[in-house]
There are 2 protein chains.
Amino acid sequence: MSLPTFDGWTCPLPLQNYPNIVMGHGAGGKMMNDLIRHLFAVEFQNDLLGQLADSTTINLEASRLAFTTDSYVISPLFFPGGDIGELAVNGTVNDLSMSGARPLYLSAGFILEEGLPMETLGRIAASMARACKTADVQIATGDTKVVNKGHGDGIYINTSGIGLIPKDVDIRPTNARPGDVVIVSGTMGDHGIAIMSVREGLKFQSEIVSDTAPLNGLVQAMLKVTVDIHCLRDATRGGLAAVLNELADASKVGIKFEEAKVPLRPEVSAACEMLGLDPLFIANEGKLVAIVPENYAENILAVMRQLPTGRDSAIIGKVVEAHAGMVVARTSIGGSRVVDLPAGELLPRIC
Amino acid sequence: MSLPTFDGWTCPLPLQNYPNIVMGHGAGGKMMNDLIRHLFAVEFQNDLLGQLADSTTINLEASRLAFTTDSYVISPLFFPGGDIGELAVNGTVNDLSMSGARPLYLSAGFILEEGLPMETLGRIAASMARACKTADVQIATGDTKVVNKGHGDGIYINTSGIGLIPKDVDIRPTNARPGDVVIVSGTMGDHGIAIMSVREGLKFQSEIVSDTAPLNGLVQAMLKVTVDIHCLRDATRGGLAAVLNELADASKVGIKFEEAKVPLRPEVSAACEMLGLDPLFIANEGKLVAIVPENYAENILAVMRQLPTGRDSAIIGKVVEAHAGMVVARTSIGGSRVVDLPAGELLPRIC
């Protein structure tokens, strides 16, 4: 297993007396100022954070905004293919993208546990900064709190985000129509299995890495084919099964798909079999489900496959009038089964 | 000591099998859906949350937006005069208000500890809903995570917010000018001492209650006198001392004020003396510091005093050219002392 390396990161000078986070770093005084100025502001530098006010002023044209929030409480903080910081940026970028919005600004709220190594925080902040650059978004405002040792788990991160929704785009969970085609943007379950492999110390023949990635580029490319995309959803907690059930329910339609067409890495498939898990329920952090009109489906698929984040995209099924609110899979041996919403916890704290 | 009562709250029917939060409530499946639908959506009901999408679409006129974030990790969750939910709404409303913005939409990100009583969550959500009504804002989007028992402290809440800044308003920490007048909107230290009194089990002759309150109404009234308000800041963590130091530093000016003019409840003053604390460093949750041009100061003060949130407003000092970046207090016995930024923790986890 290889963890991401951050050899370049060194603790900023004014913080070097504090190898670990202490309560004072969240207390609103000089120590917190040092932390913000010398660590976060350096990592996230942009004009907006430079305003140093309680809230951030953003000039925008008249338009529709997307606004979302997500807290990240993942354990472990670093995992094959990513870390909590990258996840916190990509996850919120993706939530904005699922409305067709162009993500613009994020907030970052940190809940730090007393005793968190400063170096860990530095690595995570650096990772967030890199992810922002990749996704072309800015962290516009932030907040830091510290909780007593034993009342957190190193670091929790909340990111909220705002984005601009282009004119004529109207993507909602209620828009699926019978006849529409269901596309997934790549292999399912990579993130959840990557996390589980670290937690449980499992070894597979080839390493399974998280798929964490920003999907805004993919969505913008899809919208160039047509603005008439009906539904988009990133398949995070609850996996593909949760997304399909939510869309079927919201649009009052049935969804039918073929299990054999769902892209799966062989090693993820093997891990699921070994662990007795259904890959349809496993979380992803860089995959979306799209429901699109049939006449655009092939063109959209072709465009998706040209991008790294959509390379393994596939059409897996369609929207039907029958069994409204229900998702039915045709199994590889030719039978049918109802794919329900997961009841509760499968893998806790994977995002 | 009296805690707020929520006799009206009853656990929604589909949740009654779960007297306590379990890991599944944060797992993205049916149990989390139940929690969102039957608890949060009921409490926060508005058209935006009804969109049920990953992010929320907001139609706005062409204008400047304010965008802010804050996590609340307070202990205890309920305290004289308020609770974490009310605080999480008012705090973010106030952060937006300090740019002169009219707060419009909040996000709410919950990090819940396994084992949190459902009733506690219900009370907190109800309290947030009431606070939103009072402040005339809507919770537009939300997120729920659950962490293992022992890795949180009941509940942490992040609220982010967006607001619209009226044309011609330009309030920033860098705008203080020599000759400007410093106003505080009421008594200092109430929130911090209220929290401390519960934590330490202190008894005072009369109960000290938190000042938690939304300040958007107060700011809008002040802006009706003139849009030419230079700085606004709510005096939360670090208290009045932190705010004055930050403004002096940002504007590269000196600030002089008279200690005797700082409004203080006698019981807060007595508690501080007993505990050896300086009330200038104690947190507030419903008080602002304004720096305004001298010629408008008396009119602004008069308007502030007409509102409940500004009833005890007072002019406490002025901005000077001398000792740039430094805050100097004239003590009640006629001497002078430098009031520095608090170095670190005074009272951890009070907001």
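A quick note: this is a predicted structure, and the numbers were derived from the prediction, not measured.

**Brief notes about the overall build of chain A**
Consideration 1: Looking only at helices and strands, chain A features eight helices and 14 strands.
Consideration 2: Within chain A, contacts between residues at least 6 apart in sequence are counted, and of these 86% link residues at least 24 apart.

**What to know about the pairing of strand E6 (residues 138-147) of chain B**
Consideration 1: Buried residues dominate E6(B), accounting for 10 of its 10 residues.
Consideration 2: In the classification by handedness, the crossover that spans strand E5 (residues 102-113) of chain B, the intervening helix H3 (residues 118-135) of chain B and the parallel E6(B) is right-handed.

**Re the sheet that holds strand E13 (residues 327-330) of chain A**
Residues and elements named next belong to chain A.
Consideration 1: Pairing is mixed across the open sheet formed by seven strands, whose spatial order is E9-E11-E8-E12-E10-E13-E14. The open sheet has two free edges, formed respectively by strand E9 (231-234) and strand E14 (336-338), since each of these has just one partner strand. Strand-to-strand twist in this sheet, taken as the mean axis angle between neighbours without regard to direction, amounts to 25°.
Consideration 2: Bridging between strand E10 (residues 254-258) and E13 involves four bridges; their strand directions are parallel. Looking across to E13, one finds that Lys256 is bridged to Val328.
Consideration 3: Each of strand E8 (181-184), strand E11 (288-292) and strand E12 (314-320) touches helix H8 (residues 294-305); the most contacted strand, E8, lies at about 20° to it.

**Points about the sheet that holds strand E12 (residues 314-320) of chain B**
All names here are of chain B.
Consideration 1: Read from one edge to the other, the open sheet built from seven strands follows the order E9-E11-E8-E12-E10-E13-E14, with strand pairing classed as mixed. Because the sheet does not close on itself, it has two edges, and the strands there are strand E9 (231-234) and strand E14 (336-338). With direction set aside, neighbouring strand axes in the sheet form an average angle of 25°.

**Details of helix H5 (residues 216-225) of chain A**
Residue and element names in this part refer to chain A.
Consideration 1: The set of residues buried in H5 consists of Asn216, Leu218, Val219, Met222 and Leu223. One side of H5 holds all its buried residues, which, seen down the axis, span an arc of 155°.
Consideration 2: Turning to H5, the residues buried within the fold contact helix H2 (84-97), strand E5 (102-113), helix H3 (118-135), E9, E11 and H8.

**Some remarks on the domain arrangement of chain A**
Residues and elements named next belong to chain A.
Consideration 1: Domain boundaries assigned for chain A yield domain 1 (13-165) and domain 2 (181-338).
Consideration 2: Centre-to-centre, using C-alpha coordinates, domain 1 lies 28 Å away from domain 2.
Consideration 3: The interface of domain 1 with domain 2 comprises 19 residues on the first partner and 23 residues on the second.
Consideration 4: For the side of domain 1 that touches domain 2, the secondary structure elements donating two or more residues are H2, E5 and H3.
Consideration 5: Considering every element that reaches the side of domain 1 that touches domain 2, the biggest residue donor is H2, with eight residues.
Consideration 6: In terms of residue class, the side of domain 1 that touches domain 2 is made up of eight nonpolar, eight polar and three charged.

**Things to note about the nonpolar core**
Buried together is how nonpolar side chains tend to be arranged in soluble globular proteins.
Consideration 1: Judged by nonpolar contacts, the single largest core of 211 residues is most densely connected at A:Ile155, A:Leu244, A:Ala290, B:Ile155, B:Leu244 and B:Ala290.
Consideration 2: When near neighbours in sequence (up to four residues on either side) are disregarded, B:Ile155 contacts B:Leu77, B:Ile84, B:Phe110, B:Leu112, B:Glu113, B:Leu116, B:Leu121 and B:Ile124.

**Here's the deal with the confidence of the model for chain A**
Residue and element names in this part refer to chain A.
Consideration 1: Taken residue by residue, chain A gives an average pLDDT of 87. The fraction at 70 or more is 87%.
Consideration 2: Low pLDDT (under 50) marks residues 1-6, which in the prediction has nine contacts with non-local residues, meaning those over four places away or in another chain.
Consideration 3: Across the interface, the model reports ipTM at 0.87; the global pTM reads 0.88.

**What about the packing of H5(A) against H8(A)?**
Residues and elements named next belong to chain A.
Consideration 1: At a minimum axis distance of 9 Å, the contact between H5 and H8 shows a crossing angle of 145°. When you trace H5 past H8, the crossing you get is right-handed. Residues Leu218, Ala221, Met222 and Val225 of H5 lie in contact with H8, whose contacting residues are Tyr296, Asn299, Ile300, Val303 and Met304.
Consideration 2: Considered class by class, the residues forming the contact of H5 with H8 number eight nonpolar, one polar and no charged.

**A few points about unusual backbone geometry**
Residues and elements named next belong to chain A.
Consideration 1: Here the residue pair Ser75 and Pro76 is connected by a cis peptide bond, since its omega of 0° sits within 30 degrees of zero.
Consideration 2: Here the phi dihedral of Lys252 falls at roughly 55°; this positive angle occurs in a residue that is not glycine.
Consideration 3: Look at His323: it is not a glycine, yet its phi comes out positive at around 35°.
Consideration 4: Relative to the assigned elements, His323 resides in the loop between E12 and E13.

**Some thoughts on the pairing of E12(B)**
Residues and elements named next belong to chain B.
Consideration 1: Summarising the sheet, strand E8 (residues 181-184) and E12 pair through four bridges and their orientation is antiparallel. Bridging from a neighbouring strand, Ile183 pairs with Ile315 of E12.
Consideration 2: Here four bridges tie strand E10 (residues 254-258) to E12, and the two strands are oriented antiparallel to one another. Residue Phe257 lies in a different strand from E12, and its bridge partner there is Gly317.

**Section: helix H4 (residues 190-200) of chain B**
Residues and elements named next belong to chain B.
Consideration 1: Counted residue by residue, H4 has eight buried out of 11 residues, so it is predominantly covered.
Consideration 2: Where H4 is concerned, the buried positions are Asp190, His191, Gly192, Ile193, Ala194, Ile195, Met196 and Ser197.
Consideration 3: Positive backbone phi, at 65°, marks Gly201, one or two positions downstream of H4.

**Brief notes about the environment of A:Asp234**
Residues and elements named next belong to chain A.
Consideration 1: Along the polypeptide, Asp234 turns up in strand E9.
Consideration 2: Judged by local crowding, Asp234 falls into the buried class, with 23 C-beta atoms found within 10 Å.
Consideration 3: Note: C-alpha distance between Asp234 and Leu164 (70 residues apart in sequence) is 18 Å.

**What about the environment of A:Val73?**
Consideration 1: Looking at the secondary structure, you find A:Val73 in the loop between strand E2 (63-72) and strand E3 (78-79).
Consideration 2: A residue is classified by how many C-beta atoms lie within 10 Å of it, and A:Val73, with 27 of them, is buried.
Consideration 3: Separated by 275 residues in sequence, A:Val73 and A:Pro348 place their C-alpha atoms 9.5 Å apart.
Consideration 4: Once residues within four sequence positions are removed from consideration, A:Val73 is found in contact with A:Asp153, A:Tyr156, A:Arg349, B:Ile111, B:Lys145 and B:Val147.

Thresholds applied
- Just so you know, the residues in each chain are numbered from 1, in the order the chain's sequence is written.
- Just so you know, chain letters begin at A and ligand numbers begin at 1, following the order they were written in.
- Since the coordinates come from a predicted model, pLDDT governs what is reported: local features require at least 70, and pairs of side-chain atoms require 80 or more to be given and counted, while whole-chain, interface and lining totals use all residues.
- Secondary structure follows DSSP: runs of H or I at least 4 residues long count as helices, runs of E at least 2 residues long count as strands, and numbering of each begins at the N terminus.
- Here, residue contact means that the backbone-derived C-beta atoms of the two residues sit within 7 Å.
- Our exposure labels follow a C-beta count within 10 Å of each residue's own C-beta, placed from the backbone: buried means 20 or more other C-beta atoms, exposed means 12 or fewer, and partly exposed covers the counts in between.
- With the strands pointing away from the viewer, any crossover whose connection runs clockwise from the first strand over the helix to the second is right-handed.
- Whether two strands pair comes down to DSSP finding at least two bridges between them.
- Here the axes come from fitting lines to C-alpha atoms, over the contacting stretch only for helices, and the angles between their N-to-C directions go from 0 to 180 degrees.
- What the arc covers is the set of directions going from the helix axis to the C-beta atoms.
- Note that the domain bounds were set by an automatic or database domain assignment.
- Note on residue categories: nonpolar means Ala, Val, Leu, Ile, Met, Phe, Trp, Tyr, Cys or Pro, charged means Asp, Glu, Lys or Arg, and polar means any other residue, Gly included.
- One nonpolar core equals one set of buried Ala, Val, Leu, Ile, Met, Phe, Trp, Tyr and Cys residues connected by C-beta atoms within 7 Å.
- As a per-residue quantity, pLDDT reports the predictor's confidence and falls between 0 and 100.
- By definition, any crossing whose near helix is turned counterclockwise from its far helix by less than a right angle is left-handed, and any crossing with a clockwise turn is right-handed.

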